[in-house]
Amino acid sequence: MRHITVFCQELIPSRVAALSVLLFLGLSAQAAFAQGRKIHVKNGNPDAAEPYDKPDFSNAAKTIEDGLDFAKSGDTIIISEAGGTYFEHDLDVDEDNLVITGRGVAASGRCERDTKPVVDGGGAGDPIFVIKSQKNVSIVGLVLNNGTADEGGGVFCKQSRNV
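Residues numbered from 1 in each chain as written. Predicted model: local features only at pLDDT ≥ 70, side-chain atom pairs only at ≥ 80, totals over all residues. Heavy atoms only, no water.

**Student:** I keep staring at the environment of Ile100 and nothing clicks. Help me out?
**Tutor:** Mapped onto the fold, Ile100 is located in strand S7 (residues 98–102). Residue Ile100 is classed as buried on the basis of its relative accessible area, which comes to 0%. Ile100 sits 22 residues away from Ile78 along the chain, and the two C-alpha atoms are 6.2 Å apart. Not counting the four nearest positions on each side in its chain, Ile100 is found in contact with Leu68, Ile77, Ile79, Val93, Phe129, Ser138, Ile139, Val140 and Leu142. (Helix = DSSP H or I, 4+ residues; strand = E, 2+ residues; numbered from the N terminus. Buried < 20%, exposed > 50% of the residue type's maximum accessible area, 1.4 Å probe, protein only. Contact = heavy atoms within 4.5 Å.)

Below is the structure:
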């Protein structure tokens, strides 16, 4: 069974029909934070170095894709709003029990578009996130723009349960 709750939704004008959403999928983000490592992402970080774990984002991964590639089941990927807009799409989420969150959003649950990291799919004909894991994926605190696809422009749940 797929369960999606949209906490915040806002239409953004653009050439393509864009829908910005703050999504929470699956588990409670706070419950999932108790597990695994924290992996930090800051757009274009020139000093990126595994394990991408410093809270000041000094060694953060430079792309969301790099953070996802490094993640293991139970990890939390924290995406910095200071990185500006992330122009990425077709991001495969292969791990179970994973949290992907904008910096500082999971604890507060606030919905203020100006403080959220923006992921722009560029209208490339692909969804922004492709959930391939089997269970328990949470996405919270991100603005998703210009994801276009026949199925799931922002988030496409390929074979997921408990999403």
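**Student:** So what exactly am I meant to see when it comes to the pairing of strand S4 (residues 76–79) here?
**Tutor:** Looking down a regular strand, the side chains alternate between one sheet face and the other. Burial along S4 is two-sided: the residues Thr76 and Ile78 and Ile77 and Ile79 are all buried. One ladder, built from 4 bridges, connects strand S3 (residues 38–41) with S4; its direction is parallel. Within S4, the residue paired with Lys38 across the bridge is Thr76. Assessed by its sense of winding, the connection that carries the chain from S3 through helix H2 (residues 64–70) to S4 is right-handed. Note: S4 against S7, 4 bridges, orientation parallel. When the sheet's bridge partners are listed, Ile79 is paired in S7 with Gly102. (Pairing = 2+ DSSP bridges. Right-handed = clockwise from strand over helix to strand, strands pointing away.)

**Student:** Help me out: how do you make sense of the nonpolar core in this one?
**Tutor:** Soluble globular proteins tend to bury their nonpolar side chains together. Grouped together as the largest cluster of nonpolar side chains are 25 residues, with contacts concentrated most on Ile64, Leu68, Ile77, Ile100 and Phe129. Taken together, the elements giving at least two residues each to this core come down to S3, H2, S4, strand S6 (91–93), S7, strand S9 (129–131), strand S10 (137–140) and strand S12 (155–157). Top contributing element to this core by residue count: H2, with 3 residues. Each residue touching Ile64, except ones within four places of it in the same chain, is listed here: Val41, Ile79, Tyr86, Glu88, Leu91, Val119 and Phe129. (Core = buried A, V, L, I, M, F, W, Y, C linked by side-chain atoms within 4.5 Å.)

**Student:** What is the right way to look at the confidence of the model for the protein in this model?
**Tutor:** Residues shown with low pLDDT carry predicted positions that ought not to be read at fine detail. For the protein, per-residue confidence averages 75 on the pLDDT scale, and residues scoring 70 or more make up 69% of the total. Within the protein, no element has a lower average pLDDT than strand S1 (residues 4–12), which sits at 31, and none a higher one than H2, at 97. Confidence over residues 1–34 falls short of pLDDT 50; this stretch has 89 contacts with residues more than four positions distant or in other chains. (pLDDT = per-residue confidence, 0-100.)

**Student:** What exactly am I supposed to notice about the sheet that holds S12 here?
**Tutor:** Either a parallel or an antiparallel arrangement is found when strands of a sheet pair, and the pairing is made through backbone hydrogen bonds. What the 3 strands build is an open sheet, ordered S6-S9-S12; its pairing is parallel. Each having just a single partner strand, S6 and S12 make up the two edges of the open sheet. Across the sheet, the mean angle from the axis of one strand to that of its neighbour is 20 degrees, orientation sign disregarded. Of the strand pairs in this sheet, S6 and S9 are connected by 3 bridges, and their pairing is parallel. Of the residues in S9, the one forming a bridge with Val93 is Ile131. (Axes fitted to C-alpha atoms, helices over the stretch in contact; angles between N-to-C directions.)

**Student:** Explain unusual backbone geometry to me, please; I cannot follow it from the model alone.
**Tutor:** Most peptide bonds are trans, and most residues other than glycine sit at a negative phi. In this structure, the amide linkage connecting Glu50 to the following residue, Pro51, adopts the cis form with an omega of 15 degrees. Looking at the element boundaries, Pro51 is found in the loop between S3 and H2. With a phi angle near 55 degrees, Tyr52 is a residue other than glycine that sits in the positive phi range. Among the secondary structure elements, Tyr52 is positioned in the loop between S3 and H2.

**Student:** What is the right way to look at the sheet that holds S3 in this model?
**Tutor:** In spatial order, the strands read S3-S4-S7-S10; together these 4 strands make up an open sheet with parallel pairing. Bordering the open sheet on either side are S3 and S10, each of which pairs with just one other strand. Shown here is a sheet whose adjacent strand axes are inclined to one another by a mean of 15 degrees, direction ignored.

**Student:** It is not clear to me how a negative patch on the surface should be interpreted in this structure. Could you clarify?
**Tutor:** A cluster of acidic residues, Glu65, Asp69, Asp90 and Asp94, forms a negative patch on the protein surface. With respect to the helices, strands and loops of the structure, Asp90 is situated in the loop between strand S5 (85–87) and S6. A relative accessible area of 39% means that Asp90 is categorised as partly exposed. (Patch = residues over 30% accessible without salt bridge, like charges linked within 9 Å, V, L, I, M, F, W, Y side chains within 5 Å. Areas by Shrake-Rupley, 256 points an atom, 1.4 Å probe, with all protein chains shown as cover. Salt bridge = Lys/Arg side-chain N within 4 Å of Asp/Glu carboxyl O. Lys, Arg positive; Asp, Glu negative; His and termini not counted. Charge placed at Lys NZ, Arg CZ, Asp CG, Glu CD.)

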